[in-house]
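Report on the structure
The chain contents come next:
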Amino acid sequence: MTDLFEKSIQILELPKVLERLAGQAVTQEGKERCLALRPMTDPDDVQRALDETSAAVDMSALRGSPSFSGVKPVAASLQRAHMGGALNTRELLDIAAVLRAARSAREYGEGDERKKTCIDHLFRSLTANRFLEDKITGSIVGEDEIADAASPELASIRRHIRATASKVRDILNKLLSSNQAKYLQEAIITQRNDRFVVPVKSEHKNDVPGLVHDVSSSGATFFIEPMGVVKANNELKELQAREEKEIERILAELSAECAQFKDDITQDYDLLILLDVIFARAKLAYRMRACAPRIVERGLYLRKARHPLLDPDRAVANDLMLGEDFDTLVITGPNTGGKTVTIKTIGLLTLMAQCGLHIPVSDDSRVKVFRRVLADVGDEQSIAQSLSTFSSHMVNIVGILGEADGETLILFDELGAGTDPIEGAALAAAIIESAREMGALVAATTHYAELKVYAMTTPGVENASCEFNVDSLAPTYRLLIGIPGKSNAFAISERLGLPKSIIQKAAARIDAENVRFEDVLTQLDEQRQEMEREKEAAARLRREMEETAKASREYKAKMEAERAKAVEKAQAEARAILDEATDNWGIKVNRVELKNIMPPRDIQESMEKQMRAERERRESILQAEGQKQSQILVAEGEKQSAILRADAAKQAAILQAEGAKQAKILEAEAQAQAIMKVQQATADAIKLINEANPGDGVLKIKALEAFTAAANGKATKIIVPSEIQGLAGLAAAAKTVFDTEDPKATITKTVPKQ
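How each quantity is defined
The written sequence of each chain sets the order in which its residues are numbered from 1. Predicted model: local features are reported for residues with pLDDT of at least 70 only, side-chain atom pairs are reported and counted for 80 or more only, and whole-chain, interface and lining totals are derived from all residues. As a rule here, side-chain values cover all heavy atoms of the structure and leave hydrogens and water aside. Put simply, DSSP H or I for four residues or longer makes a helix, DSSP E for two residues or longer makes a strand, and each gets a number counted from the N terminus. Note on contacts: a residue pair is in contact if any heavy atoms of the two residues lie within 4.5 Å. We call a set of buried residues a nonpolar core when its members are Ala, Val, Leu, Ile, Met, Phe, Trp, Tyr or Cys and they connect through side-chain atoms within 4.5 Å of each other. Only protein chains enter the calculation, and the probe is 1.4 Å; a residue is then buried if its accessible area is under 20% of its type maximum, exposed if over 50%, and partly exposed in between. A 3.5 Å cut-off defines polar contacts: any pair of N or O atoms within that distance qualifies, except that in protein one atom must be a possible hydrogen donor and the other a possible acceptor, and neighbouring residues in sequence count only when both atoms are side-chain atoms. Only strands that DSSP links by at least two bridges are regarded as paired with each other. Where helices are involved, their axes are fitted lines through C-alpha atoms of the stretch in contact, as for all axes, and angles between N-to-C directions lie from 0 to 180°. It is the directions from the helix axis to the C-beta atoms that the arc portrays. A pair of Phe, Tyr and Trp rings is counted when the ring centres sit within 6.5 Å of each other, with Trp represented by its six-membered ring. The angle between the planes then sorts it: under 30 degrees is stacked, over 60 is edge-to-face, the rest tilted. We count a charge as sitting over a ring when the NZ of a lysine or the CZ of an arginine lies within 6 Å of the ring centre and within 35 degrees of the ring normal.

Quick notes on the side chain of Gln354
Within the element layout of this structure, Gln354 appears in helix 12 (residues 339-354). Setting aside anything within four residues of it in sequence, one finds Gln354 in contact with Arg38, Pro39, Met40, Val46, Lys368, Val369 and Phe370.

This is the structure in structure tokens:
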């Protein structure tokens, strides 16, 4: 990696992204490796790293991240143990932490049944040495404490120590309760030099026979070991010496066992650090709402790209492309409009992808792997080196052109600035042309109108602009590829308070050709904005039409469901009546065809035909309207407003017709409900006949058939056989069905057609 490439990495702020990446790592060495990441130049290596990050993202989403806590460097400790040295408790606990993390990560990698990933082999390569891990953690309670269970000998020694210490305390407690207690400064037992003593008043130091181990700072107290406990204290010291020796033996034994597995433990540590970095990349991808780009051999296309160091909720996403339809992008627009951010986004996202990081773009984004990404961004003037703004830029440009080739991405900010505008524009065009001849991809920002014309007239070079709202003096940060931008210096100056007279004088000094060119740019931008507004209005109307059609379909489905439910209910009630007649009369009754108890077939067919025709009409209208809108947007942008108003009126008429259609549907449903009401009334009448004359079954069957035929619409009058016209209960039935007291009216009463 050349110095200029490294300098460009700093300019494009990749280290700031790597700092955020390091913040996601758990281990110290993992953080250091994150900060040391540099772009890879082999497409296979880049693809492998991106696949690793994607696998970690998928695994984290399903099961969270594996634990890497407590993993610390152990290579030096293992090397010393391999050379025969004894490790201390801290070093052994660090080794145990590595073994525990390796075991946990291996179990995480095995997990449940899931699809295979490209990092499975890393988990499988971890060595789970549970025996050594448990032996270390079972022997060492803490950094300053060895467990009694570390060895039987240590447990035995400590039992003797506790017994001997208890014996010493018993002897001293007797002293405290004897006549010699009056010689003591306090009735307590303490220790000096790891030996039990009692505090004796200085004037009585000769009254308590023993060894003096210490004197208080004031000289008023002597700490004396009474002669009665000297032997026991000596025994205690011997036991403590044996304890220390046994602890040293245990640590040496544990160190020797660690040395036996030196290679496995070292490999586990390296794998854990690698996994920590991979999962740190996955965590950063989640925080940046990023995804993996596809690696391609030619050009780059970043869909809805955002600068990774900006707030994702506020950053404006843009589609950035270079190297497919054109190899050079010339970006123009006002100051603070986002030009520099745009080219830095292109460079930084490319570098991130080559580091194996997911980038904040939408799916189906594509990135080419470059051998170098070289940038000349920012003002690097230096008084010490006698470099002006122009000179500092030119020094960088000379170095860039010296290293550029067909595998280089070059980013120029304010190319040709800092000198005479005419010479600067000519020089900028020549520099771009030279870089293109080398096969490099170029993105440059400028204010020069000459470069806008160069981009418009040169194949393979494309204009782009950063949109700026002159009314609010605020950039929108939207990148518009294919449209050159304006600097808007006059408009911004006027809004900021510069006198209009000065602006007019300045405008008068501009060449007429430049004025016409800027006017053309203004008209193009205004037409573009108008077409975008009209396109949004057309899309809104289309959405409203689709929502209306959806509501109509849902209403139709609801009505059909309610009708089916009502028919099913009527069938069930009629079936129940027939079953009851069979049970009460004791004879077999021919059931009425229940499928006929529904609205007349001609009404059903008419309703369905009208609905089908209406649906087809609406679909044809939507299709025709969509084609019409598309043609208008492409060919007749200036006529959009009038067409949209006419279309709105047409849509209103369609909606009105739809409302009328819905009213007809409701009316048909009401008719169906009326027929069902007649059916119900007929059933009630038959029930009354049955209750009045339960014995004469044949006559009641005839009455049943007559009423059922009328109710089903098969007859316009109820034709009652003469032998049952005087049947008791017939008057009540007639009253129920036709609301009349005259039983003879049932013979001539016309059933209303529904």
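Things to note about the nonpolar core
In terms of nonpolar packing, the biggest core is built from 74 residues, with Leu14, Leu302, Met352 and Phe412 touching the most fellow members. If one sorts the elements of this core by residue count, helix 12 sits on top with seven residues. When neighbours within four sequence positions are excluded, Met352 is seen to be in contact with Leu14, Val17, Met288, Pro308, Leu357, His358, Ile359 and Pro360.

Topic: the side chain of Glu133
You can see Glu133 is positioned in helix 8 (residues 130-139). A distance of 2.8 Å separates a polar atom in the side chain of Glu133 from a polar atom in the side chain of Arg103. The contact partners of Glu133, leaving out residues within four places of it in the chain, are Ala96, Leu99, Arg100 and Arg103.

A short note on the sheet that holds strand 6 (residues 221-226)
Paired through their backbone hydrogen bonds, the strands of a sheet run either parallel or antiparallel. Strands sit in the order 3-4-6-5 across an open sheet of four strands; the sheet is antiparallel. With one partner strand each, in any of the chains shown, strand 3 (190-192) and strand 5 (210-215) form the two edges of the open sheet. Here the average twist between neighbouring strands, direction ignored, is 50°. As judged from the five bridges shared by strand 5 and strand 6, these two strands associate in the antiparallel manner. The residue bridging Val212 from the neighbouring strand is Ile224, located in strand 6.

A look at helix 2 (residues 14-24)
Of the residues making up helix 2, those classed as buried are Leu14, Pro15, Val17, Leu18, Leu21, Ala22 and Gln24. Projection of helix 2 onto a plane perpendicular to its axis shows the buried side chains occupying an angular sector of 155°, all on one side. Across from the buried face of helix 2, at angles greater than 90 degrees, the exposed residues are Glu19 and Gly23. Looking at the buried side of helix 2, the elements it contacts are helix 1 (3-11), helix 3 (28-35), helix 11 (262-288) and helix 12.

As for the pairing of strand 13 (residues 408-412)
Counting buried residues along strand 13, five of its five residues qualify, which places the element largely inside the surrounding structure. Along strand 13, one buried face is formed by Thr408, Ile410 and Phe412 and the opposite face, lined by Leu409 and Leu411, is buried too. Note that strand 12 (residues 372-376) and strand 13 share five bridges and pair parallel. Bridge pairing links Asp376 to Phe412 in strand 13.

Observations regarding the packing of aromatic side chains
Enumeration according to the criterion identifies four aromatic pairs in this entry. On the basis of an interplanar angle of 50° and a centroid distance of 6.4 Å, the ring pair of Phe68 and Phe279 is categorised as tilted. Residue Phe68 is found in the loop between helix 4 (43-63) and helix 5 (75-82), and its partner Phe279 is found in helix 11; the two are separated by 211 residues along the sequence. On the accessibility criterion, Phe279 (0% relative accessible area) is buried. Residues Phe123 and Phe279 carry aromatic rings whose centres are separated by 6.4 Å and whose planes lie at 70° to one another, so their mutual orientation is edge-to-face. Of this pair, Phe123 sits in helix 7 (residues 120-124) while Phe279 sits in helix 11, and the two are 156 residues apart along the sequence. Classification of Phe123 by relative accessible area gives buried; the value is 2%. In textbook terms, an aromatic cluster arises when at least three aromatic residues are bridged by ring pairs, as seen for Phe68, Tyr108, Phe123 and Phe279. Over the ring of Tyr108 we find Arg63, and its NZ or CZ is 4.5 Å from the ring centre. The ring of Phe370 has Lys368 sitting right over it, with the charged end atom 5.7 Å from the ring centre.

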